[in-house]
Amino acid sequence: MKPLFYTIAALMSALIVGCTDNVPTQASQPIRTQGITEMNEQENDDEAVEVQVDVKVSKKAAIAIAEMQDDVDKPETFSNTERIRLVSYNCENLYDTEDDPKTNDDEFTPDGVKKWNKAKYKIKLINVSKAIRAAGNGTMPALVGLLEVENKTVLRDLCNQDIMKTANYRYVHKDSRDARGIDVALLYRTDLINMLEEKWVTVKQNSGRDILYAKCQLNNKEVLHVLVNHWPSMREGEAQSESKREVAAKAARRVVDSLRKAEKGDLNIVLMGDFNSTIKQSAMSNILKVKAYDKNEGKGSLCDLTSRYDATDNIGSHKYDGKWDVLDHMIVEGGMLDKNRKVFTTSKSGHICHETFLLSQSKSGYYSPKRSFKGDVWTSGYSDHLPVSMDLYLK
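First things first, this report covers the structure right here in the doc. Since the model is a prediction, treat every value here as computed from it, not as a measurement.

A count of helical and extended segments in the protein gives seven helices and 22 strands. A buried classification covers 57% of the 395 residues belonging to the protein. Considering only intrachain contacts with a sequence separation of at least 6, the fraction spanning at least 24 residues in the protein is 70%. Taken as a whole, the protein presents about 17300 Å² of accessible surface, with 46% of it coming from carbon and sulfur.

Next up, the structure:
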């Protein structure tokens with residue numbers, strides 16, 4: 001996979017010359033440059049540089065970005081193990097063209113303000129497929145949590161796209177109580193996953209999006225518990241809406257606690273989705289009690305693998321009002337970072353997919369997710385979120 005979004009060569013150039021200008025370096029073709037360790041060690045690590053980003057980034061952050069991209073290009077390998085990838089993607093308003101009288105989907109119809117027709121719908125399906133494949137590092141993931149999908153029709157049509165067909169995906173879905181009719185779903189490859197159980201966890205006093213719980217059997221016969229989340233947005237304001245996300249966090253936490261009581265031995269849990277919350281906000285830190293990737297407390301805790309992107313100033317899964325945040329997460333049971341287990345992961349396995357084709361660049365050189373619409377104007381884009389992923393290793 002090409003190293004994308006951040007141009008490593010440009011970073012190196014800026015760092016070596018000690019650039020402190022507040023104007024982004026214009027480098028249209030990202031290329032990989034080896035030898036990050038050859039940087040002048042006498043330079044101040046906290047000196048600010050700015051390269052294809054929106055805010056100043058310290059040298060340590062720039063190096064961290066380069067290292068994380070390298071982790072994507074070269075996933076960790078372990079002898080006598082099978083590696084599978086899990087992906088979560090808020091694909092933003094994946095609607096069919098039919099009017100559903102039970103939901104507020106009028107804008108995504110041929111007569112609606114967005115003039116949503118079959119041609120646009122077909123492009124949207126192809127684009128979502130491309131994003132999923134990119135997050136899988138060129139292969140189709142074993143599991144894909146999807147957010148903002150309208151119904152089983154769009155899931156069927158998505159799975160029938162040429163890019164997706166070879167994976168032979170099945171899906172778990174049900175129509176939610178959401179007023180706009182956008183739901184969560186889970187795709188799974190039948191050659192890698194055996195679906196044992198599925199159920200929906202009611203989230204009270206919420207926007208109507210329940211949590212999808214799936215009990216899966218992996219190829220090595222071990223069990224994986226997956227929770228697909230789409231917590232309430234911050235549209236009303238972060239502080240004003242935090243209580244709604246705390247309700248969702250409590251629902252997810254109850255499932256985790258009940259699994260811990262019921263299951264004996266090693267417990268494999270993955271929580272994925274758009275949490276509309278950073279790891280530092282109350283719903284995540286105080287209610288769900290998630291720890292950062294480098295502060296894992298082991299078995300009995302929850303560890304956010306995508307939190308390593310919080311260590312940088314300008315990288316995330318979503319951008320709002322000029323600011324990147326990590327709102328989409330891959331969270332695991334803390335014991336899964338033990339490489340002696342039959343199913344394990346690593347602190348470096350959480351990724352945000354920043355492929356260039358998923359991004360839109362402003363005239364001033366700043367990047368943001370390339371959306372399908374700019375207002376009501378069709379732009380043939382992807383989503384306002386970027387896909388996130390993680391790897392599992394099976395013995």
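This part is about the pairing of strand 9 (residues 223-230). Both faces of the sheet carry side chains from a regular strand, because those side chains alternate between them. Within strand 9, seven of the eight residues are buried, which leaves the element mostly enclosed by the surrounding structure. Two strands pair when backbone bridges link them, and strand 8 (residues 211-217) and strand 9 are joined in this way by six bridges, in the antiparallel orientation. Note on strand 9: the bridge partner recorded for C216 is L224. Where strand 8 folds back onto strand 9 in an antiparallel hairpin, the turn is made up of five residues, including K221, whose phi is positive at roughly 75 degrees.

Quick look at helix 6 (residues 238-262) now. Here helix 6 is 25 residues long and its end C-alpha atoms lie 35 Å apart, about the 36 Å a rise of 1.5 Å per residue gives. The largest bend in helix 6 comes to about 25 degrees, at K244. Listing the buried residues of helix 6 in full gives S241, E242, R245, V247, A248, A249, A251, A252, R253, V255, V256 and L259. Contact partners of the buried residues in helix 6: strand 7 (194-201), strand 8, strand 9, strand 10 (269-274), helix 7 (282-287) and strand 12 (302-304).

Here we come to the side chain of E242. Along the chain, E242 turns up in helix 6. Take E242: its relative accessible area is 11%, and that puts it in the buried class. Not counting residues within four places of it along the chain, the set of residues in contact with E242 comprises Q281, S282 and A283.

A few words now on the environment of I211. Positionally, I211 belongs in strand 8. On the basis of relative accessibility, which here comes to 1%, the residue I211 falls in the buried class. Along the primary structure I211 and L271 are separated by 60 residues, whereas in three dimensions their C-alpha atoms are 9.9 Å apart. Once residues within four sequence positions are removed from consideration, I211 is found in contact with K199, W200, V201, V203, L227, V228, N229, A248, A251 and A252.

So, about the environment of L94. Looking at the secondary structure, you find L94 in strand 3 (residues 82-94). Its relative accessible area of 0% is what places L94 among the buried residues. As for L94 and L147, which are separated by 53 residues in sequence, their C-alpha atoms are 8.7 Å apart. Setting aside its immediate chain neighbours within four residues, L94 contacts Y121, K124, L125, E148, V149, E150 and V154.

Spatial strand order, 7-8-9-10-15-12-11: seven strands in an open sheet with mixed pairing. Every interior strand has two partners, whereas the edge strands, strand 7 and strand 11 (290-292), have only one. Within the sheet, the average angular offset between the axes of one strand and its neighbour, ignoring direction, is 25 degrees.

This next bit is on the packing of helix 3 (residues 118-135) against helix 4 (residues 152-159). At a minimum axis separation of 9 Å, helix 3 and helix 4 run at an interaxial angle of 65 degrees. Once helix 3 is placed against helix 4, the crossing between them reads as right-handed. On helix 4, the residues that touch Y121, L125, V128, S129 and I132 of helix 3 are T153, V154, D157 and L158.

The next thing to look at is the pattern of salt bridges. This model, assessed by the stated rule, comprises 17 salt bridges. Here R189 ties to D191 by a salt bridge, and the two come within 2.7 Å at their closest N and O atoms. According to the relative accessible area criterion, D191 is partly exposed, its value standing at 43%. Where D325 meets K323, a salt bridge forms, and the shortest distance between an N and an O atom there is 2.6 Å. With a relative accessible area of 23%, D325 lands in the partly exposed category. Its relative accessible area of 46% is what places K323 among the partly exposed residues. Three or more residues joined by partner-sharing salt bridges are found here, namely R83, R85 and D391.

Cut-off values and rules
Residues numbered from 1 in each chain as written. Predicted model: local features only at pLDDT ≥ 70, side-chain atom pairs only at ≥ 80, totals over all residues. Heavy atoms only, no water. Helix = DSSP H or I, 4+ residues; strand = E, 2+ residues; numbered from the N terminus. Buried < 20%, exposed > 50% of the residue type's maximum accessible area, 1.4 Å probe, protein only. Contact = heavy atoms within 4.5 Å. Areas by Shrake-Rupley, 256 points an atom, 1.4 Å probe, with all protein chains shown as cover. Pairing = 2+ DSSP bridges. Expected span 1.5 Å × (residues − 1). Bend = angle between axes of the 7 residues up to and from the residue. Axes fitted to C-alpha atoms, helices over the stretch in contact; angles between N-to-C directions. Left-handed = near helix turned anticlockwise from the far one by under 90°. Salt bridge = Lys/Arg side-chain N within 4 Å of Asp/Glu carboxyl O.

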